[in-house]
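# Structure at a glance
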Amino acid sequence: RKKDGTLLSPSIFIPVAEKTGIILELGERVIEKVCLLLKNSDAIKLGIHYIEINLSVIQCEKRDLAKRLISIVEKYDIAPGLINLEITETASISARTILLENMKTLINYGFTFSLDDFGKGESNLMYIVEMPVSIVDYDMLKAFFRSPKAKTVVQAVVNMAHNMNLKMVAEGIETEEEIQGMSKENIDYIQGYYYSKPMPMADYEKYLLQFDLKQA
């Protein structure tokens, strides 16, 4: 938090954490917090299938990534299938071989992976082909509602992903119009402020009680 009590955006503190190396400790702390939530709450009983955790570029470059993550879930006795790990395209630029080896180990152990922020920057379709991800988080959906060309591109990417047996997540959904638009495009999952802004862990279970996720 800032001195005035407002939240500090991850876009500000994550680059600093990566530059200083603190991101490694921070990343593992996040995973531990998720494991504690899954272990000490009724999130699973309330219908949560899995929780997504972002991996930083720095984490993905470490040869012992798989070993460290497996150690954490074993410490808390959490099924790895309850955690989906998000990577970005930039994560493979300097250490693709290391990342692929870690992904293979983690997938064999039971984790799943998703490609985060696809659609931002110079997205490379071959990244989807080469990386063993099962979910694609697509970030071109704002343009979907503004440009016929963008709509055509989004529809093509969704069809391509489904033909590859990949699930699609629509990121950044904030309005009823966007929800209705995505429901017509066969999107698998919705992510965005339409449902909720980030909240403290203590409030999360209360939030889940509002929904019957087992029927979703």
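In short, a report on the structure. Note that the structure is predicted; figures quoted are calculated from it, not measured.

## Quick look at the sheet that holds strand S1 (residues 51-54)
Ordered by their spatial adjacency, 6 strands build an open sheet running S1-S2-S3-S4-S5-S6, and the pairing between neighbours is parallel. The two strands at the open ends of the sheet, each matched to only one other strand, are S1 and strand S6 (189-190). The sheet contact formed by strand S3 (residues 112-118) and strand S4 (residues 135-138) spans 3 bridges and is parallel. Bridge pairing in S4 links Ser-114 to Ile-135.

## A look at the packing of aromatic side chains
Each aromatic ring pair is summarised here by two numbers: the centre-to-centre distance and the angle between the ring planes. A complete count under the given rule lists 5 aromatic pairs for this structure. With a centroid separation of 6.1 Å and 25 degrees between ring planes, the pair formed by Tyr-109 and Phe-111 is classed as stacked.

## Some details on the nonpolar core
Counting 50 residues, the largest nonpolar core has Ile-83, Leu-85 and Ile-87 as its most contacted members. With 6 residues, the top contributor of residues to this core is helix H4 (residues 65-75).

## Considerations on the packing of H4 against helix H5 (residues 96-109)
As a packed pair, H4 and H5 sit with axes 8 Å apart at the nearest point and diverge in direction by 25 degrees. It follows that H4 is roughly parallel to H5 by the angle criterion. Taken together, the residues of H5 that come into contact with H4 (itself represented by Leu-65, Ala-66, Leu-69, Ile-70, Val-73 and Glu-74) are Asn-102, Thr-105, Leu-106 and Tyr-109. For the contact of H4 with H5, a count of residues per class yields 7 nonpolar, 2 polar and 1 charged.

## Here's the deal with the environment of Ser-11
By the secondary structure assignment, Ser-11 is in helix H1 (residues 10-20). A relative accessible area of 56% places Ser-11 in the exposed class. Between the C-alpha atom of Ser-11 and that of Ile-135, which follows or precedes it by 124 residues, the distance is 23 Å. Here Ser-9 takes part through its side chain, which lies 2.7 Å from a polar atom of the side chain of Ser-11.

## Points about the pairing of S1
Alternating residues of S1 divide into Ile-51 and Ile-53, all buried, and Glu-52 and Asn-54, none buried. As paired strands, S1 and strand S2 (residues 83-87) are joined by 4 bridges and run parallel to one another. Each residue of the ladder has a partner; that of Glu-52, found in S2, is Asn-84.

Rules and cut-offs
- Residues numbered from 1 in each chain as written.
- Predicted model: local features only at pLDDT ≥ 70, side-chain atom pairs only at ≥ 80, totals over all residues.
- Heavy atoms only, no water.
- Pairing = 2+ DSSP bridges.
- Helix = DSSP H or I, 4+ residues; strand = E, 2+ residues; numbered from the N terminus.
- Phe/Tyr/Trp six-rings, centres within 6.5 Å; stacked < 30°, edge-to-face > 60°.
- Core = buried A, V, L, I, M, F, W, Y, C linked by side-chain atoms within 4.5 Å.
- Buried < 20%, exposed > 50% of the residue type's maximum accessible area, 1.4 Å probe, protein only.
- Axes fitted to C-alpha atoms, helices over the stretch in contact; angles between N-to-C directions.
- Parallel < 35°, antiparallel > 145°, perpendicular 65-115°, else oblique.
- Contact = heavy atoms within 4.5 Å.
- Nonpolar A, V, L, I, M, F, W, Y, C, P; charged D, E, K, R; others polar.
- Polar contact = N/O pair within 3.5 Å; in protein donor to acceptor, adjacent residues only side chain to side chain.

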